[in-house]
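Close look at the chain arrangement
These are the residues of each chain, in order.
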Amino acid sequence: MERYDAHTIEQKWQDEWAREDAFAVENPAPGSERDGRHFYMLEMLPYPSGTLHMGHVLNYTLGDVVTHFRRRNGYTVLRPMGFDSFGLPAENAAIKEGGNPLEITERNIASIENQMRRMGWAIDWDREVSAHEPSYYRWTQWLFLKLFEHGLAYRKEAPVNWCPNDQTVLSNEHVVDGRCWRCGAVVEARNMEQWFFKITAYSDELLDDLSTIDWPERTKKIQRQHIGRSEGAELIFRLDELDRDIPVFTTRPDTVFGATFFVVAPESPLVDELVEGTDRAEEVRAYARIAAARPTEERASREKTGVFTGRHAINPANDERIPIWVADYVLMQYGTGAIMAVPAHDERDREFAETYGLPIVPVVGENGTLVNSGRFDGLPWREGIDAIVAWLSERGKGKPAINYHLRDWSFSRQRYWGCPIPVVYCDDDGIVPVPESELPVLLPEVENYRPKGEPPLAQATEWINVPCPRCGKPARREADTMDTFVDSSWYFLRYTDPHDDEAPFERRVADYWMPIDQYIGGIDHAKGHLLYSRFFVKALNDLGLLGFREPFQRLFHQGWVLLDGKRMSKSQGGVTPDELIERFGADPIRIYILVQGPADQDIDWTPDGIEATVRFVRRFWRVVHDAAARLPSPEGVDTPLARKAHEVIARVTDDIDRRFVFNTPISAVMELINELSKAPDDPAARFAAETAVSLLQPYVPHVAEELWGVLGHSRLWETPWPQADEALLRHETIELVLQVNGK
RNA sequence: GCGGAUGUGGCGAAACAGGCAAACGCACCGGUCUCAGAAACCGGAGGUCCACGACCGUGAGGGUUCGACUCCCUCCAUCCGCACCA
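The structure reproduced in this document is the subject of the present report. (Residues numbered from 1 in each chain as written. Chains lettered and ligands numbered in written order. Predicted model: local features only at pLDDT ≥ 70, side-chain atom pairs only at ≥ 80, totals over all residues. Heavy atoms only, no water.)

1. Description of the overall build of chain A
Spelled out, the test is: We count a stretch as a helix when DSSP gives it H or I for four or more residues in a row; a strand needs E for two or more, and each element gets its number in order from the N terminus. Under the scheme applied here, a residue whose accessible area is under 20% of the maximum for its type counts as buried, over 50% as exposed, and between as partly exposed, the area being computed with a 1.4 Å probe on protein chains only. All tallies of charge rest on Lys and Arg as positive and Asp and Glu as negative; His and the ends of each chain are not included. The atom standing in for a charge is NZ when the residue is Lys, CZ when it is Arg, CG when it is Asp and CD when it is Glu.
For chain A, the count of helices and strands is 25 helices and 28 strands. Summarising its shape, the C-alpha atoms of chain A cover approximately 100 × 85 × 55 Å along the three principal directions. Burial statistics for chain A: of 743 residues in total, 56% are counted as buried. Measuring between centres, the 83 positive side-chain charges of chain A sit 2 Å from its 118 negative side-chain charges.

Structure, rendered in C-alpha cells:
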C-alpha cells in the first residue's frame, strides 16, 4: 500500500479532468426541450481580489458536492464560473500602489483560477466570463440600451452621498454611520443628476412572485421588508391662500380628524412656494437648506426640528385650518414629501407637537373606536379606514393609495473601473444612445484613476469628445460608469451562451437552462444582487428577450467561516486556501469545511479540525486498501456490514437530495468505515469499501477516484450513484420497545 | 421600536413525521507499540449518588401526550436584518 500523498493524487486527477474537459456541457440542439434531466447549478461569482478566502471554499465546495451528486444521478449539470471583475477595489489598489486596474484584475483572476483548479472543483471552464472583458460588457451596454429604449433606464436629479475628501459619490452601502467607508470623512448630501433603473415599476411583481420561488423564508422577508408595500390613502389638503391642493399619503386615514398640523419635508419644492414673498421666507429657507443637507442617518438620530411657515391647510375631514410646518423628520423620498400630523396617534408627530406646543386631539378611544370624528364616532377604527376614505372620496378629497419603500436603483458611478454607459450628450439632441453597431464603447486608458470632482473618464479628452450620433455636431460621452451590480444582474444568462457575438444570449438557449435550479451564495446579497437580478429578468422578459420571469428557483445561503469570532471575508494569515492546500491537500479541506456543521450555519475555523480531517482521509485510505485485498463481495450478499452499507447509501442520498444537508453524510460514511475496520472478514467488506468511496466522491473527488482505481474500477466521476437495496434496509430483528409510565 | 433566527456534554454537533438524548468528530483519560516522543492502533467517558444499579438531564417555567430536544403557551439570553417609510 502506498502512502497517502494528497499532492500527487490531486495533481494527477486534476490533469486528467482538464485533459478530458470532464465537466463541460454542450448546449442543446435547436428543438430540444428542457426535459427535467438538466440542472443549472450556480454559486455567486467571486470578485477577483488577490486570493480566495475560506468563505469561497465553503460556497464552491457546496456547489461542487451538488454538481457531482446530480451528475452521477443522471443529470446534465451546467456549472460555470466567472468573475465580477469591475469595481472599486482594483481601482483603489491602482491609485495606492500604482499599476492599472486592468493588469491588477487580470493578475488576480489568473491567481484565483489557479486556486480553483487546485481545489478540484468541477467547473465548465469553457463558459468562463469576466465582467471587464469587452466581449462581456458590450452586452451589458446593449442591455442598458434596451432598457433605456423602453423607459426602464432614465436620468434625473437626485440626492446622493458625496464624500468631500475623496471627491466622489458613494453608494448607500459605502456610507457607514454617516461617514465614508474608506477615509472616514462625514458624507454630505448633494443633488446630482444620476442614472436610475426603474425597478419600482416591478414592486408588486417582485413582491408577489416571491411565493413562486423556493427561497429561505428569511430572505423573502428581507426583500418584502425592503420593497415595503403599505396600503392606505391619499388625502387632499386644501391651501386656500395659494389656491392649491396638497396630497398626502397615510396608512391611517381613520385618524384624519386628529390631524392638527401639517408638515412638509425640507427638500420639498413646496417650501419655496409656501413662503415666497412672505416675511418668513428667509428664516424658513435657511432652515430648510441646513436640514436638507444633513445626512439621513444624522437626521434620524437627533431631536426633531422644524419651523412654522405662516401658512395653513384645510383638514378635509373637519375643515379646520391647521398650521403648515417644515420639519426634518419628514422625508422627501417617501409618499408626497408632506404629511398630515396626528400627534395623538403617531409617536413622531407627538414628539414634535410636544416640542413646539401644537394641539393634540385623540380620535381613537380606549376601546378602539373613533371619537372626535363627527359622524364616524363609535366606529371601530379598522372599519373607519374604509368608511372615511369612501366618504372623502365622494367629496373628491381622497382615494385609496399604495406606497412602497423601494426606490429606483441608482446605478451611475463617478468612478473609472466599470462599464461605460453608452450614451452621448448633445446640445441639440439631448441624451443620444450610442448606436448598437458601435458597441462596445471601450473603456479608455486614463492617466489618473483618482476622481477630482468629476469622474476620471472626463479627463480622457480624446475619448469623451465625439460627434453626436444623430446630428454630427460636437458632443460628449457619458463619463460615469455603471455600478458593478449591473454586470452581475445578468451574468447567469451569459453563461448559457457565453461565446455568442450576435446577442447577449440566445433566447432559446437561455430558456433551456434557466431558471437556475440551485443558486448558492451569501445572504448579504438579499436585497442587492438578488433583487436586482430578479428585476433584470422580469424586465428582459417584458422586452421579449426571455421566456421566464424568475432567475433563481431554489436558493441556499451558506454560513460564514469565522476566525476568532470574525468573518473570514478576507484572506487571513496562516489560513488562506493556498497555504492550506500546500499543507494538507484539497480533499481534507473540502471535507473539513462541510463536516463542521450545517452549511447554512456559521462555522469556526479551528486548526484541530483540519488535522482531524487529514487523519480521517488517511484512515479511509488504509481501510479501503485493506478491503481491496479481499475477494470481491458476492452480489446481494446479506451480512451486517452489507446492511450497514445500504443503510448509509439511503441516508447519504436522502441527506443530499431531499434535505440538502452536507455534514451528516460524512458522519454516516465514517460510521461505515468504522464498521468495516472492525469486520475486515465480513464477505461484504469490499462492497462496503466501494460504497464508502462512491458516496464520498462528491466531497473528496481526488482520493476517491484513486481508491476507486485501487478497488479495480475507473471513472468514478461518471459512475452512476449507488442505489440502496430496499430488501437489505429492513432490520432482521424488530426491536419492541415497551414503556411503562413513559419508562 | 418592527421583523427574523438560534439556545442540546468541556467544544463542533446528531436525533428528518413525537418513540432508548448525545450518532460522528474535537479536546481529554487509559492502554498497545516505542530508548523516548510523534504517528498509528485498541479502549473509556453527560451529571449525581448508597455505583451490581438508581435518580437527574436538551436556556427557564407551565401545558398536551402512554411518551416531548421535537407540538402549544409564557418568559429569558444571544445573534442578525430593518428602522423618522407617516
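2. Thoughts on empty space enclosed by the protein
Heads up, the condition is: Both site types are read off a 1 Å grid over the protein atoms alone. A 1.4 Å probe that fits but cannot get out defines a cavity, while an open set with protein on both sides within 12 Å along at least five of seven lines defines a pocket; lining residues have an atom within 4 Å of a point. Grid points are joined across faces, edges and corners, and a volume is the space filled by probe spheres set on the points. Residues are grouped as follows: nonpolar covers Ala, Val, Leu, Ile, Met, Phe, Trp, Tyr, Cys and Pro; charged covers Asp, Glu, Lys and Arg; every other residue, Gly included, is treated as polar.
All chains considered together, the criterion is met by one cavity of 30 Å³ or more. Taken as a whole, the largest cavity holds about 50 Å³ of empty space. Lining the largest cavity, in full, are Phe 39, Val 66, Phe 69, Arg 70, Arg 554, Ile 656, Asp 657 and Phe 660. Per-element accounting of the lining of the largest cavity gives the leading share, three residues, to helix H2 (residues 54–72). Grouping the amino acids of the lining of the largest cavity by side-chain chemistry returns five nonpolar, no polar and three charged.

3. Considerations on the packing of helix H7 (residues 217–227) against helix H17 (residues 529–542)
Stated precisely, the cut-off is as follows: To define axes, lines are fitted to C-alpha atoms, for helices over the stretch in contact only, and angles between the resulting N-to-C directions are given on a 0 to 180 degree scale. Here the angle decides the label: under 35 degrees means roughly parallel, over 145 means roughly antiparallel, 65 to 115 means roughly perpendicular, and every other value means oblique. Working rule for contacts: check all heavy atoms of both residues, and any pair within 4.5 Å makes them a contact.
Closest axis-to-axis distance for the H7/H17 pair is 11 Å, and the angle between their directions is 75°. What the angle tells us is that H7 and H17 run roughly perpendicular. Residues Thr 219, Gln 223, His 226 and Ile 227 of H7 form the contact with H17, whose participating residues are Leu 530, Leu 531 and Arg 534. The residue inventory of the contact of H7 with H17, partitioned by class, reads three nonpolar, three polar and one charged.

4. Observations concerning the sheet that holds strand S25 (residues 555–556)
So the rule is basically this: Two strands make a pair as long as DSSP finds a minimum of two bridges between them.
If you trace the four strands from one edge of the open sheet to the other, you get S2-S1-S24-S25, paired in parallel fashion. Among the strands making up the open sheet, the edge pair consists of strand S2 (76–78) and S25. The sheet contact formed by strand S1 (residues 38–43) and strand S24 (residues 518–520) spans three bridges and is parallel. Directly across from Met 41, in S24, lies its bridge partner Gln 518.

5. Some remarks on the packing of helix H21 (residues 640–659) against helix H23 (residues 685–696)
Packed helices, taken two at a time, are described by the angle their axes make and the gap between the axes. The condition is simple: A crossing counts as left-handed when the near helix is turned anticlockwise from the far one by less than a right angle, and as right-handed when that turn is clockwise.
Two elements in contact, H21 and H23, have axes separated by 9 Å at closest approach and are oriented at 15°. Classed by the angle they form, the pair H21 and H23 counts as roughly parallel. Between H21 and H23 lies a crossing whose hand is left-handed. Contacts from Leu 641, Ala 642, Ala 645, His 646, Val 648, Ile 649 and Val 652 in H21 reach Ala 685, Phe 687, Ala 688, Thr 691 and Leu 695 in H23. Within the contact of H21 with H23, the residues separate by chemical class into 10 nonpolar, two polar and no charged.

6. Here we look at the side chain of Ser 230
Condition: For the purposes of these results, a polar contact is taken to be a pair of N or O atoms within 3.5 Å, where, inside protein, one atom must be able to donate a hydrogen and its partner to accept one; residues adjacent in sequence count only when each atom of the pair is a side-chain atom.
Inspection of the secondary structure puts Ser 230 in strand S10 (residues 230–239). Ser 230 gets classed as buried once you look at its relative accessible area, which sits at 16%. A polar atom in the side chain of Ser 230 sits 2.9 Å from the side chain of Tyr 334. Residues within four places of Ser 230 in sequence aside, it is in contact with Phe 249, Thr 251, Tyr 334, Ala 401, Ile 402 and Asn 403.

7. Notes on the sheet that holds strand S19 (residues 423–426)
The strand order across the open sheet built from four strands is S20-S19-S22-S21, with neighbouring strands paired in antiparallel fashion. Whereas interior strands pair on both sides, the edge strands pair on one side only; in this sheet they are strand S20 (430–433) and strand S21 (465–467). Put simply, the sheet's adjacent strands are angled 40° from each other on average, direction ignored. Note: S19 against strand S22 (residues 474–477), two bridges, orientation antiparallel.

8. With respect to the nonpolar core
Test applied: To form a nonpolar core, buried Ala, Val, Leu, Ile, Met, Phe, Trp, Tyr and Cys residues must be joined to one another through side-chain atoms within 4.5 Å.
Formed by 92 residues in total, the largest nonpolar core has its most connected members in Trp 605, Phe 620, Phe 662 and Tyr 699. The biggest single contributor to this core is helix H20 (residues 607–628), with 10 residues. Here Phe 620 is in contact with Ile 673, Ala 692, Val 693, Leu 696, Val 700, Val 703 and Leu 707, once residues within four sequence places are set aside. Core analysis: the next-biggest nonpolar cluster, separate from the first, contains 89 residues, Trp 409, Trp 490, Val 509 and Tyr 512 among them.

9. What to know about the state of the cysteines
For clarity, the cut-off: Put simply, a disulfide is two cysteine sulfurs that come within 2.5 Å.
Applying the stated criterion across every chain yields a total of zero disulfides. Of the cysteine sulfurs around Cys 426, a residue in no disulfide, the closest is that of Cys 471, at 3.6 Å. Note on Cys 426: relative accessible area 6%, which makes it buried.

10. Observations regarding the pattern of salt bridges
What counts, and what does not: Just to be clear on terms, a salt bridge is a Lys or Arg side-chain nitrogen sitting within 4 Å of an Asp or Glu carboxyl oxygen.
As enumerated under the stated definition, the model contains 50 salt bridges in all. Of the charged contacts in the structure, one is a salt bridge between Arg 415 and Glu 91, with a shortest N-O distance of 2.9 Å. Taken together, the residues Arg 415 in the loop between strand S18 (412–413) and S19 and Glu 91 in helix H3 (residues 88–97) connect sequence positions 324 residues apart. Overall, the relative accessible area of 0% leaves Glu 91 in the buried class. The residue Asp 681 makes a salt bridge to Arg 630 at a minimum N-O spacing of 2.6 Å. One end of the pair, Asp 681, is in the loop between helix H22 (664–678) and H23; the other, Arg 630, is in the loop between H20 and H21, with 51 residues separating them in the sequence. Members of the salt-bridge network, linked through shared partners, are Glu 205, Asp 209, Arg 534, Lys 538, Asp 542, Arg 549 and Glu 550.

11. Topic: the environment of Gly 528
Within the secondary structure layout, Gly 528 lies in the loop between S24 and H17. A sequence separation of 62 residues divides Gly 528 from Val 466, and the C-alpha atoms of the two residues are 35 Å apart.

12. Quick notes on the side chain of Glu 43
Residue position: Glu 43 is located in strand S1. A polar side-chain atom of Glu 43 sits 2.4 Å from a polar atom in the side chain of Arg 79. With residues up to four places along the chain from it excluded, the contact list for Glu 43 reads Asn 59, Tyr 60, Gly 63, Asp 64, Arg 79, Tyr 491, Tyr 519 and Ile 520.

13. Comments concerning the packing of aromatic side chains
Basically, it comes down to this: Only rings of Phe, Tyr and Trp enter the pairing, Trp through its six-membered ring, and a pair is recorded when the two centres are within 6.5 Å. The plane angle decides the type: under 30 degrees is stacked, over 60 is edge-to-face, the rest tilted. The criterion is that NZ of a Lys, or CZ of an Arg, lies within 6 Å of the ring centre and within 35 degrees of the ring normal, and then a charge sits over that ring.
In this structure the tally under the stated criterion is 48 aromatic pairs. Geometrically, the ring pair formed by Trp 195 and Phe 411 is tilted, given 6.4 Å between the ring centres and 40° between the ring planes. Remark: Phe 411 occurs in the loop between strand S17 (409–410) and S18 and Trp 195 occurs in strand S9 (residues 188–197); sequence separation between them is 216 residues. The pair Trp 195 / Phe 411 is uniform in exposure class, with both members buried. Taken together, the ring pairs connect Phe 144, Phe 148, Trp 195, Phe 197, Tyr 202, Trp 409, Phe 411, Phe 485, Tyr 532, Phe 535 and Phe 536 into an aromatic cluster. One Lys or Arg, Arg 534, reaches over the ring of Trp 215 and ends 5.7 Å from the middle of that ring.

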